[in-house]
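A look at the structure
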Amino acid sequence: MKRLTPETLDRLADAISFRPDTEAARLFREALGRFATGVTIVTAEGADGPQGMTVNSFTSVSLDPPLVLWCPARASSRHDIFAQAPAWSIHVLGGEQLDTCLRFTRGGAGFKGIALGRTLLGTPEIPGVAARFDCHAHAAHDGGDHSILVGRVAQVTIAGPDDHPLVFAAGRFGAFEPVAG
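To keep things clear, this report deals only with the structure shown in the data block. (Residues numbered from 1 in each chain as written. Predicted model: local features only at pLDDT ≥ 70, side-chain atom pairs only at ≥ 80, totals over all residues. Heavy atoms only, no water.)

Describing the pattern of salt bridges
Applying the stated criterion across every chain yields a total of 4 salt bridges. Put simply, Asp142 and Arg74 hold a salt bridge, and the shortest N to O gap is 2.9 Å. Placement of the pair is Asp142 in strand S9 (residues 131-143) and Arg74 in the loop between strand S5 (67-70) and helix H3 (79-84), with a sequence separation of 68 residues. What makes Asp142 exposed here is its relative accessible area of 61%. Salt-bridge contacts for Glu125 lead to Arg132; the nearest nitrogen and oxygen are separated by 2.8 Å. (Salt bridge = Lys/Arg side-chain N within 4 Å of Asp/Glu carboxyl O. Helix = DSSP H or I, 4+ residues; strand = E, 2+ residues; numbered from the N terminus. Buried < 20%, exposed > 50% of the residue type's maximum accessible area, 1.4 Å probe, protein only.)

Quick look at the structure:
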C-alpha cells in the first residue's frame, strides 16, 4: 500500500472539474467509480418464480428502525418485480464469489443450478454468502433513472467473522484485504 505523504494527500491538486449533466457524463461515472462498494445480489419472488439481480448500490439508512436501501435501474427488465415485491433479501457476497455475482448480471445463469432455499420471508436464499438482510418493503422513492427502495430489516444472517467481501471499484471486481495497522 502506498504511504500517505503531503504530496499524496493533495489528490485534487491536478484534478479536473466538470458538470455531470454535460457531455462529460462519462467522466461523472468514472469519478463515481473511485468509490469502492460492496457487491450484493438482491432476490425476490416474482410472478414467474425467483428473481435475482447483482447490485452495488446498497447502504444502511437507519439503526432504529433497522432500514437499508438499494437502487435498481428503471431500465432493468427486473425493476418492476423488485419495486412491487412485498419483501426482498440482500445477499452480501464474499471475495471468492465473483462467479455467483456474474450469474445475476444481465444474461447470467441466474438461479439455474443453485440449491435454492427460502428465507423466513419467503424470498429466494442464495447459500454461502457473507451476510444476508431479509427485508420487508418499506418505501420507494424516485431516484432519476433509478428507484430508491428502502427495506425494513426483519432478519440478518452473518457468515464467519473472517469473511472478506467482494468489492467493485473503477469498473473492476476485487477482494478486500485489511491493512495492518
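Things to note about the side chain of His91
By the secondary structure assignment, His91 is in strand S6 (residues 87-92). When sequence neighbours within four positions are dropped, the list of residues in contact with His91 reads Val39, Thr40, Ile41, Thr43, Pro124, Glu125, Ile126, Val129, Ala131 and Arg132. (Contact = heavy atoms within 4.5 Å.)

Quick notes on the packing of aromatic side chains
In this structure the tally under the stated criterion is 5 aromatic pairs. Taking 5.3 Å as the distance between ring centres and 90 degrees as the angle between the ring planes, the aromatic pair formed by Trp70 and Phe82 counts as edge-to-face. Taken together, the positions of Trp70 in strand S5 and Phe82 in helix H3 put the pair 12 residues apart, joining distant regions of the chain. With relative accessibility at 0%, the residue Phe82 sits in the buried group. Pairing Trp70 with Trp88 gives two aromatic rings, centres 5.8 Å apart and planes at 80 degrees, and the pair type is edge-to-face. Taken together, the residues span a long stretch of sequence, with Trp70 in strand S5 and Trp88 in strand S6 at a distance of 18 residues. In terms of burial, Trp70 and Trp88 fall into one category: buried. By the ring-pair criterion, three or more aromatic residues cluster together here, those being Trp70, Phe82 and Trp88. (Phe/Tyr/Trp six-rings, centres within 6.5 Å; stacked < 30°, edge-to-face > 60°.)

Focus on the sheet that holds strand S1 (residues 37-38)
With antiparallel pairing, 3 strands are arranged side by side in an open sheet as S1-S11-S12. In this open sheet, the two edge strands, each paired with only one partner strand, are S1 and strand S12 (172-175). Across 2 bridges, S1 lies against strand S11 (residues 166-169) in antiparallel orientation. Note that in S11 the partner of Thr37 across the bridge is Phe168. (Pairing = 2+ DSSP bridges.)

Concerning the sheet that holds S9
Reading across the sheet, the 7 strands line up as S3-S2-S6-S9-S10-S5-S4 and stay open at both edges, with antiparallel pairing between neighbours. Looking at the sheet topology across the chains shown, the edges are occupied by strand S3 (49-55) and strand S4 (59-62). On average, each strand axis in the sheet is inclined to that of its neighbour by 35 degrees, with strand direction left out of account. Bridge count between S5 and strand S10 (residues 146-158): 4 bridges; the pairing is antiparallel. Counted as the bridge partner of Trp70 is Leu149 from S10. (Axes fitted to C-alpha atoms, helices over the stretch in contact; angles between N-to-C directions.)

Interpretation note: all reported values are geometric properties and have no functional meaning in isolation.
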